[in-house]
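Below, each chain spelled out in residue letters.
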Amino acid sequence: EAGVVQSPRYKIIEKKQPVAFWCNPISGHNTLYWYRQNLGQGPELLIRYENEEAVDDSQLPKDRFSAERLKGVDSTLKIQPAELGDSAVYLCASSLDSDEQFFGPGTRLTVL
Amino acid sequence: GDSVTQMEGPVTLSEEAFLTINCTYTATGYPSLFWYVQYPGEGLQLLLKATKADDKGSNKGFEATYRKETTSFHLEKGSVQVSDSAVYFCALTPISGGSNYKLTFGKGTLLTVNP
């Protein structure tokens, strides 16, 4: 069974540019999470979806970050415009309801 | 709020050495406790978990016991291998309030095992 797929794996952009990350969860998993992992830190939850609905986006910086999960499967996380402090690894995870979360390999973002 | 504190790394051991990575937590009630492992270039994987006091989680020779009295969940392995080299994260989820999915992670501990 395929795991959580994320792309791209690496992204380098200049500040003020937009960037988008894509996630394809494990087939059948209705719950999808986006995390941000700063260097030397553990992951921190940005947003959680149940199907198409964002049920917890309290930690998402809404001035520049947005996310969508059309049709309740794939999801995209966008940053516009990016700032230097956004450099981090962005992780996607999925689960069946609130069961074990399975993580993707992440997208490493570098903002210059 | 909930928090997890784990020992600072990096930890460097020789093959077949004994491993302990300390983890303590702050949370209300009885959270569920987890150890995740992240191998180079891969996503986080659940290594083991415990959901109530005195439970012992175990997997791949690793063990951790949920100690309510000391609010700890230390990870141990009797004989490490080179293939155990990875970053290890301690984490918890609250038991109540409708947010039992919300993982709170420690900062991670890098383990390097030399042959």
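Use the structure listed above.
Residues numbered from 1 in each chain as written. Chains lettered and ligands numbered in written order. Predicted model: local features only at pLDDT ≥ 70, side-chain atom pairs only at ≥ 80, totals over all residues. Heavy atoms only, no water.

Enquirer: Honestly, the overall build of chain B in this entry has me stumped. Any pointers?
Expert: A tally of helices and strands in chain B yields 0 helices and 12 strands. When the elements of chain B are put in sequence order from the N terminus, they spell out β-β-β-β-β-β-β-β-β-β-β-β. The C-alpha atoms of chain B give 14 Å as radius of gyration, which agrees with the globular expectation for 115 residues (13 Å, within 12%). The principal-axis extents of the C-alpha atoms in chain B amount to approximately 45 × 30 × 20 Å. (Helix = DSSP H or I, 4+ residues; strand = E, 2+ residues; numbered from the N terminus. Rg over C-alpha atoms; globule rule 2.2 N^0.38 Å.)

Enquirer: Before we go on, may I ask you to explain the interface of chain A and chain B in this structure?
Expert: Many authors give the size of an interface as the accessible area that is lost as the parts come together. Of the residues lining the interface, 19 residues belong to chain A; the matching set on chain B comes to 15 residues. Of the roughly 1400 Å² buried at the junction of chain A and chain B (both faces included), carbon and sulfur atoms supply 54%. Counting the contacts that link chain A with chain B gives 1 salt bridge. Here A:Asp56 makes a salt bridge to B:Lys102, at a shortest N to O gap of 3.6 Å. Our count for the chain A to chain B interface comes out at 2 residue pairs in polar contact (both at pLDDT 80 or more). Counting residues per element, the ones that place at least two in the side of chain A that touches chain B are strand E4 (31-37) and strand E5 (44-50) of chain A. (Contact = heavy atoms within 4.5 Å. Buried area = accessible area lost by both parts, 1.4 Å probe. Salt bridge = Lys/Arg side-chain N within 4 Å of Asp/Glu carboxyl O. Polar contact = N/O pair within 3.5 Å; in protein donor to acceptor, adjacent residues only side chain to side chain.)

Enquirer: Which parts of the structure should I look at to understand the nonpolar core?
Expert: Within soluble globular proteins, side chains that are nonpolar tend to cluster in buried spots. Within the largest apolar cluster, 26 residues are counted, with the highest numbers of intra-cluster contacts made by B:Leu19, B:Trp35, B:Leu47, B:Leu48, B:Phe73, B:Leu75 and B:Tyr88. Counting only elements with at least two residues in this core, the list comes to strand E2 (11-14), strand E3 (19-21), strand E4 (23-26), strand E5 (32-38), strand E6 (44-50), strand E8 (62-65), strand E10 (86-93) and strand E12 (109-114) of chain B. Of all the elements, E10(B) adds the most residues to this core, at 4 residues. Core analysis: the next-biggest nonpolar cluster, separate from the first, contains 21 residues, A:Phe21, A:Leu32, A:Ile79 and A:Cys92 among them. (Core = buried A, V, L, I, M, F, W, Y, C linked by side-chain atoms within 4.5 Å. Buried < 20%, exposed > 50% of the residue type's maximum accessible area, 1.4 Å probe, protein only.)

Enquirer: Sorry if this is basic, but what is going on with the state of the cysteines here?
Expert: Each disulfide consists of a covalent bond between the sulfur atoms of two cysteine residues. Residues and elements named next belong to chain A. Taken as a whole and assessed by the stated rule, the structure comprises 2 disulfides over all chains. Put simply, Cys 23 and Cys 92 are joined by a disulfide, and their sulfur atoms are 1.9 Å apart. Looking down the S-S bond of the Cys 23 and Cys 92 bridge, the torsion is -70°, so its handedness is left-handed. In this pair, Cys 23 is assigned in strand E3 (residues 19-24) and Cys 92 in strand E9 (residues 88-95), connecting sequence segments 69 residues apart. The exposure classification of Cys 23 matches that of Cys 92, with both residues buried. (Disulfide = S-S within 2.5 Å.)

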